[in-house]
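Report on the structure
Residue-level listing of the chains:
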Amino acid sequence: MTYDGFVLSAIIAELKRTILRGRVQKIRQSSDTDILMEIRGVGHTYTLLISVDARFPRVYLTASHAKALPEPPNFCMLLRKYVSGSFVTVIEQAGMDRIAHIAIDSSEHGKLMLILEIMGKHSNLILVNSEGKILGAAKHVGSSISRYRQTLPGRDYIPPPGVPKIDIRTLDEDAFEQMWGDFLRTESDSRDIRRWLMDKFSGFGPFLADEIVERSRGDHAGIRDELLQLRDMVKNGSYEPVFITDAKGLGLMVYPTPSLQYPADRQHARNNINEAIDTLFRTLISRTTLDEERTQTLTAIRRAMASRRQTLKSIVRTIEESKKAERYKQIGDIILGNVHALEKGAKTVVLADFYDPDMTEIEIELDEKLGPQENAERYFKRYRKSRDAAATAQSRRKQTQYELDKLQSGMEEAESANTVEALRNIRSAFTSSGLLRQEISHEKQEAEFGGHRIRRVNTPDGWEILYGESSTANDYLTGKIARPNDVWLHARQITGAHVVVRMAGRKGGAPRPILTQAAKIAAMNCDARHSSLVPVDYTLRKYVNKPRGSAPGFVVYRNEKTIDINPKD
């Protein structure tokens, strides 16, 4: 699905006609990435879906009634506090980029702004106050991830970096002719019109650029006319959305205008792009999830089958080796029968095989470090090992072949399964029976705070509290992360965690409830956590110093105040 700036402009045009001046009634979060806002418009209640999913970031009106998570995440609680009951006053797009601004007017909290940034895995939803300060975000981005732009409570909101591009809505014929002339002078060899369109105009992705080239056939006048026509469509909101299907009739994408890149009989006109995209994503995400689950299941089964086949090869080798067991015993007997003819240090010896009626001489390999009796025992040991292995190899072979057959049957079943639940049931059954290995999650997480064990607590009010889980983490938190005016807390004269309340430029100090919450964290993470009363000191970070050469986690501080905390409350 192509979700470029052109698609977003069409969605926003419809949002302006539906939820603008509407009242936000309810907010719920149905997954880690998806937020649903019920907005009461004129005579109708709409549900706005905002997703920051890495694969499918998007915004549109939905008919979905997805259930909320059992416990709302912190960001959902923050939105409920600030946005519930407020009115949507402005909905606009940043140029033609994939950035949407939804202005909110709250009688309690004043003017706020929800900013949706659709940027693949970096997609985010950010709540900003009237002073441009971040109140909270769906995804927190710290300095360890981005030095230029942190999305943390209390920080100034900074738009995503990028080269300024032209908003198609401001294009006129003279400006186009100037740009086209510059293009011909600098790109006279390649004439890469597609790249030029994406480089010059905001919101132009590969699909839209290809569409302009296809419609204009690369002709100068044709490109100009197509761009001006696109400008008028966006300015007037005169979109002609189509639902595009693949050759099998499955939903492929939705676009604000018919496309020359797909056959006309696979493009179906729609009156409402929000409804069309809602329908598409429901099936698209379901199909994608099913395909991913099928791939994971088949991969696990194939890996298990490959392991069983390798085991079978090993069993066959063992069985073949066992056929030589009796000969090993005979060689051992031959060596013992000729002890007088052997000398220690020999690598081989030629002896008569008295098991052969013709008494043929045979060459026997020896271990030069062993004596005659020890070499004989070496062959007897190989005999016993081959004999014993043969006793179990046949039963193992039968069991392994049975497991291979079961896995083959499971693979055929997985290939034809049409629900995620069916695929998960196959994997669960095979795992519990030992046919598949127990799955272990190895999700790679970005090493925040330099890899030190520092925990973060985000309060519903938008405050960020950090605390260390080890002495070295405490040093890193206090020495490298905390800023001079951040509040620093520690249980008085008790070994425990350093705790920091990040002020992020706020004035007037941290409010008492936040200090109490941070002090309780300090009390719960100190050696006196089981006591009924723990005194916790707090001061500003600038009054905390680490003596040279002192032990990890040791500091001295001044200008402190104290809060008494009962960790058991």
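Predicted, not measured: the structure shown is a model, and the values here were computed from it.

**Examining the pattern of salt bridges**
- Following the criterion strictly, the structure yields 28 salt bridges and no others.
- Between Arg-169 and Asp-167 there is a salt bridge, with the nearest N and O atoms lying 2.8 Å from each other.
- Taking relative accessible area as the criterion, Asp-167 reaches 15% and is therefore assigned buried.
- Residue Arg-427 pairs with Glu-293 through a salt bridge whose shortest N-O separation is 2.8 Å. Separated by 134 residues along the polypeptide, Arg-427 in helix H10 (residues 420-432) and Glu-293 in helix H7 (residues 273-322) bring together distant segments of the chain.
- Owing to a relative accessible area of 9%, Arg-427 belongs among the buried residues under this scheme.
- Among the ionic contacts, a cluster of salt bridges with common partners joins Glu-173, Glu-177, Arg-224 and Asp-225.

**Here's the deal with the confidence of the model for the protein chain**
- Looking at the protein chain, the pLDDT average stands at 90 and 97% of residues meet or exceed 70.
- Every residue in residues 440-446 is under pLDDT 50, and counting partners more than four places away or in other chains gives one contact.

**Points about the packing of helix H8 (residues 325-336) against helix H9 (residues 372-416)**
- Close contact between H8 and H9 brings their axes to 8 Å; oriented N to C, the two are set at 165 degrees. As summarised for this structure, H8 and H9 are arranged roughly antiparallel, according to the angle between their axes. In terms of crossing hand, the pair formed by H8 and H9 is left-handed. Every residue of H9 that contacts H8 at Ala-325, Glu-326, Tyr-328, Lys-329, Ile-331, Gly-332, Asp-333, Ile-335 and Leu-336 is listed here: Pro-372, Gln-373, Asn-375, Ala-376, Tyr-379, Phe-380, Arg-382, Tyr-383, Ser-386 and Arg-387.
- Partitioned by chemical class, the residues of the contact of H8 with H9 number ten nonpolar, four polar and five charged.

**Quick look at H10**
- In a regular helix each residue adds 1.5 Å, so 13 residues correspond to 18 Å; H10 covers 18 Å between its end C-alpha atoms and thus fits that length.
- All of the buried residues along H10 are Val-420, Leu-423, Ile-426, Arg-427, Phe-430 and Thr-431. The buried residues of H10 occupy one face: seen down the axis, they fall within an arc of 130 degrees. Residues Glu-421 and Ser-432 are exposed on H10 and point more than 90 degrees away from its buried face.
- Contacts made by the buried residues of H10 are with H7 and H9.
- Note on H10: the residue one or two positions beyond its end, Gly-434, has a positive phi of about 90 degrees.

**Looking at the sheet that holds strand E22 (residues 561-565)**
- Spatial strand order, E15-E16-E18-E17-E19-E22: six strands in an open sheet with antiparallel pairing. Single-partner strands in this sheet number two, and they are strand E15 (454-458) and E22. Going from strand to strand, the sheet's axes swing by 25 degrees on average, the running direction of each strand aside.
- Together, E15, strand E16 (464-468), strand E17 (487-491), strand E18 (499-502), strand E19 (534-540) and E22 form the strand contacts of helix H12 (residues 512-524), whose direction differs from that of E22 by roughly 70 degrees.

**Description of the packing of aromatic side chains**
- According to the stated counting rule, one finds 16 aromatic pairs in the structure shown.
- Ring geometry for Trp-180 versus Trp-196: centroids 5.4 Å apart, planes at 80 degrees, classification edge-to-face. With a gap of 16 residues between them, Trp-180 in helix H3 (residues 173-186) and Trp-196 in helix H4 (residues 193-200) connect regions that are remote in the sequence. Each of the two residues, Trp-180 as well as Trp-196, counts as buried.
- With 5.1 Å between their ring centres and 55 degrees between their planes, Trp-488 and Tyr-557 make a pair best called tilted. On the criterion of sequence distance, the pair formed by Trp-488 in strand E17 and Tyr-557 in strand E21 (residues 556-557) is long-range, its members being 69 residues apart.
- Given the relative accessible area of 0%, Trp-488 is considered buried.
- Connected via pairs of aromatic rings, a cluster forms that spans Phe-176, Trp-180, Phe-183, Trp-196, Phe-201 and Phe-204.
- We note Arg-58 situated over the ring of Phe-281; from NZ or CZ to the ring centre the distance is 5.0 Å.
- Positioned over the ring face of Trp-463 is Arg-506, at 3.9 Å from the centre of the ring.

Calculation criteria
- Residues numbered from 1 in each chain as written.
- Predicted model: local features only at pLDDT ≥ 70, side-chain atom pairs only at ≥ 80, totals over all residues.
- Heavy atoms only, no water.
- Salt bridge = Lys/Arg side-chain N within 4 Å of Asp/Glu carboxyl O.
- Buried < 20%, exposed > 50% of the residue type's maximum accessible area, 1.4 Å probe, protein only.
- Helix = DSSP H or I, 4+ residues; strand = E, 2+ residues; numbered from the N terminus.
- pLDDT = per-residue confidence, 0-100.
- Contact = heavy atoms within 4.5 Å.
- Axes fitted to C-alpha atoms, helices over the stretch in contact; angles between N-to-C directions.
- Parallel < 35°, antiparallel > 145°, perpendicular 65-115°, else oblique.
- Left-handed = near helix turned anticlockwise from the far one by under 90°.
- Nonpolar A, V, L, I, M, F, W, Y, C, P; charged D, E, K, R; others polar.
- Expected span 1.5 Å × (residues − 1).
- Arc of directions from axis to C-beta.
- Pairing = 2+ DSSP bridges.
- Phe/Tyr/Trp six-rings, centres within 6.5 Å; stacked < 30°, edge-to-face > 60°.
- Lys NZ or Arg CZ within 6 Å of the ring centre and 35° of its normal.

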